[in-house]
Amino acid sequence: MLNFLFIVIGLSLLILGGNWLLKSAVAFSLRLNISRIIIGMTIVSFATSAPELIVSINAALDGFPDLALGNVVGSNIANLGLVLAIIIILGNIDVRKAFYITDWPVMMAATFLVIGFLYFDGALQRHEGGIMLLFLFLFLIFLLRFQKTAVIDDAREDDKPLALYKALLFLGLGGAALWGGSELLVMGAVGMATFYEVSERIIGITVVSVGTSIPELAASIIAVVKKEKSISVGNLIGSNIFNLLAVLGITSLIQPIYVIDQGLLTNDIWWMLGISFLILPLVFFPKGLRLGWRDGLILLFFYSLFLYFTLF
């Protein structure tokens, strides 16, 4: 009963946090006169990746490396196979060339980088974590200097800049609510899952990863409802990049991550690579530079296949 209560409270905080964080992101984009997708790929992505970071660091320090790694891999799969699928089922998203020239390639490069580090020795060492953080730093510099809007945003005439203190307040409240809500949700979900004696890797790749992906889902659905689609897409792509480079990079700097359950190397990382790659052809087919409800159903189908082959 207590675990169920944690889940309910956690979900409520996540919804509130997503709304507050969105208000802050829009306010900063208007105040700084920069693209909303850049805000989505930096401030929003970092805040919504905070749960993965906290969970992964704690898991690694507590001696559960498979939980730390499975959390990130499963979260990246859920961000695209579940969260993005729901977003584009709710409404079509038109995509510009910057999406496939910059954002998607960087996500794929980060995915290959992490898979390469893991595949050859089954571990993420401290120096590899440093390389990942350097790659992230260079990407952010490029993003802030050269990136153009990658998604066609619906114009809103009622956008008015918030006072700076209000924007900062919403940012702080949103980040805190997302973090606290995710902690409660994961606590409740893991409590219920461990009761059934599910393995550490399975918990990380499914229950915990979905729980820590709910901030992305909450923020993105609210963004779509308010017609801020560039934030929703930028948030997801940016969150996957942050998960790989920042979460795993910082975690492995603090505590090297060694794979115990080989299923992470033989199954999970390849699903992450495959679903990440799938986004590009879906953008072009059947209609060029658009993601629609059919693409969402395809993503949900592959996410269901991933769950089936992982759990059974």
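Residue positions are given per chain, counted from 1 along the sequence in the order it is written. Restriction of local features to residues with pLDDT of at least 70 applies here, the model being predicted, together with a cutoff of 80 or more for giving and counting side-chain atom pairs; totals for whole chains, interfaces and linings are based on all residues. For the side-chain quantities, the full set of heavy atoms in the structure was used; hydrogens and water were omitted.

**Describing the overall build of the protein chain**
In this text, helices come from DSSP runs of H or I with a minimum length of four residues, and strands from runs of E with a minimum of two, each type numbered from the N-terminal end. When helices and strands are counted, the protein chain shows 10 helices and 4 strands. Taken from the N to the C terminus, the helices and strands of the protein chain come in the order α-α-α-β-α-β-α-α-α-α-β-α-β-α. The contact definition used throughout considers only heavy atoms, calling two residues in contact when any of these lie within 4.5 Å. In the protein chain, of all internal contacts separated by at least 6 residues, the share reaching a separation of at least 24 is 86%.

**So, the packing of helix α3 (residues 65-90) against helix α10 (residues 293-311)**
Axis lines are fitted to C-alpha atoms, over the contacting stretch for helices. Their N-to-C directions set the angle, which ranges from 0 to 180 degrees. Packing of α3 against α10 leaves a shortest axis separation of 8 Å and a crossing angle of 150 degrees. Classified by the interaxial angle, the pair formed by α3 and α10 is roughly antiparallel. The chirality of how α3 crosses α10 is left-handed. Here Ile77, Ala78, Leu80, Gly81, Leu82, Leu84, Ala85, Ile88 and Ile89 of α3 lie close against α10, whose contacting residues are Trp293, Asp295, Gly296, Leu297, Leu299, Leu300, Tyr303 and Phe306. A breakdown of the residues in the contact of α3 with α10 according to their chemical character gives 14 nonpolar, 2 polar and 1 charged. By definition in this entry, angles of less than 35 degrees are roughly parallel, angles greater than 145 are roughly antiparallel, angles of 65 to 115 are roughly perpendicular, and the rest are oblique. Two helices crossing with the near one rotated counterclockwise from the far one by less than a right angle form a left-handed crossing, whereas a clockwise rotation gives a right-handed crossing. Put simply, Ala, Val, Leu, Ile, Met, Phe, Trp, Tyr, Cys and Pro go in the nonpolar bin, Asp, Glu, Lys and Arg in the charged bin, and everything else, Gly too, in the polar bin.

**Structural notes on the side chain of asparagine 79**
When you line up the elements, asparagine 79 lands in helix α3. Asparagine 79 has contacts with Leu84, Ser213, Glu216, Leu236, Ser239, Asn240 and Asn243, leaving out every residue within four places of it along the chain.

**Some words on the packing of α3 against helix α7 (residues 200-225)**
Two packed helices can be described by the angle between their axes and the distance between those axes. As a packed pair, α3 and α7 sit with axes 6 Å apart at the nearest point and diverge in direction by 35 degrees. Crossing hand, α3 versus α7: right-handed.

**A word on α3**
Along its 26 residues, α3 runs 36 Å from first to last C-alpha, staying within 8% of the 38 Å computed at 1.5 Å per residue. Of all the bends in α3, the greatest, near 35 degrees, is centred on asparagine 79. Partly exposed residues are those whose accessible area sits between 20% and 50% of the maximum for their type, while under 20% is buried and over 50% is exposed, using a 1.4 Å probe and protein chains only. Here α3 lies mainly inside the structure; 22 of its 26 residues are buried. Each helix should span, by expectation, one fewer than its residue count multiplied by 1.5 Å. Throughout, bend refers to the angle between the axes fitted to the seven residues that end at a position and the seven residues that start at it.

**Remarks on the pattern of salt bridges**
The term salt bridge refers to a side-chain nitrogen of Lys or Arg lying within 4 Å of a carboxyl oxygen of Asp or Glu. For the coordinates displayed, the defined rule picks out 2 salt bridges. Between aspartate 261 and arginine 201 there is a salt bridge, and its shortest N-O distance comes to 3.9 Å. Within this pair, whereas aspartate 261 is found in the loop between β3 (257-258) and α9 (263-284), its partner arginine 201 is found in helix α7, the two being separated by 60 residues in sequence. The exposure class of aspartate 261 is partly exposed, given its relative accessible area of 25%. Residues arginine 201 and aspartate 268 are paired through a salt bridge, measuring 2.8 Å at the closest nitrogen-oxygen approach. Highlighted residues: arginine 201 in helix α7 and aspartate 268 in helix α9, separated in sequence by 67 residues. The same class applies to arginine 201 as to aspartate 268, namely buried. Taken together, the shared-partner salt bridges in this structure form one network comprising Arg201, Asp261 and Asp268.

**Some details on a nonpolar patch on the surface**
A patch consists of residues whose relative accessible area exceeds 30% and which take part in no salt bridge; residues with like charges are grouped when within 9 Å of each other, and nonpolar side chains (Val, Leu, Ile, Met, Phe, Trp, Tyr) when within 5 Å. Exposure was quantified through the Shrake-Rupley algorithm and a 1.4 Å probe, taking into account, for residues, occlusion by the shown protein chains and nothing else. Judged by side-chain polarity, Leu134, Phe137, Leu138 and Ile141 come together as a nonpolar surface patch covering roughly 390 Å² of accessible area. Along the chain, the position of leucine 138 falls in helix α5 (residues 126-146).

**What to know about helix α6 (residues 164-195)**
In this model α6 runs 46 Å from its N-terminal to its C-terminal C-alpha over 32 residues, within 8% of the 46 Å that 1.5 Å per residue would give. Phi turns positive one or two residues past the end of α6, at glutamate 197, with a value near 60 degrees.

**Considering the confidence of the model for the protein chain**
For the protein chain, per-residue confidence averages 83 on the pLDDT scale, and 88% of positions sit at 70 or higher. Considering only residues more than four positions removed or in separate chains, one finds that residues 154-158, a stretch of pLDDT under 50, has 5 contacts. pLDDT is defined as a per-residue confidence score from the predictor, taking values between 0 and 100.

**Examining the packing of aromatic side chains**
Pairing of aromatic side chains requires ring centres within 6.5 Å, counting the rings of Phe and Tyr and the six-membered ring of Trp. Pairs whose planes differ by under 30 degrees are stacked, by over 60 edge-to-face, and all others tilted. Under the counting rule described, the total for this entry stands at 10 aromatic pairs. Among the aromatic residues, those joined into a cluster by ring pairs are Trp271, Tyr303, Phe306, Tyr308, Phe309 and Phe312.

**Considering the environment of glycine 91**
The topology assignment puts glycine 91 in the loop between α3 and β1 (93-94). Each C-alpha atom, one on glycine 91 and one on glycine 296, is 9.7 Å from the other, the two residues being 205 residues apart in sequence.

**Considering the environment of alanine 189**
Looking at where alanine 189 falls in the secondary structure, it is placed in helix α6. The buried category is assigned to alanine 189, whose relative accessible area is 15%. Alanine 189 sits 186 residues away from asparagine 3 along the chain, and the two C-alpha atoms are 6.8 Å apart. Leaving out residues up to four positions away in the same chain, alanine 189 has contacts with Ile7 and Val207.

**As for the environment of isoleucine 93**
Counting through the fold element by element, isoleucine 93 comes out in strand β1. Spatially, the C-alpha atom of isoleucine 93 lies 8.6 Å from that of leucine 289, the residues being 196 residues apart in sequence.

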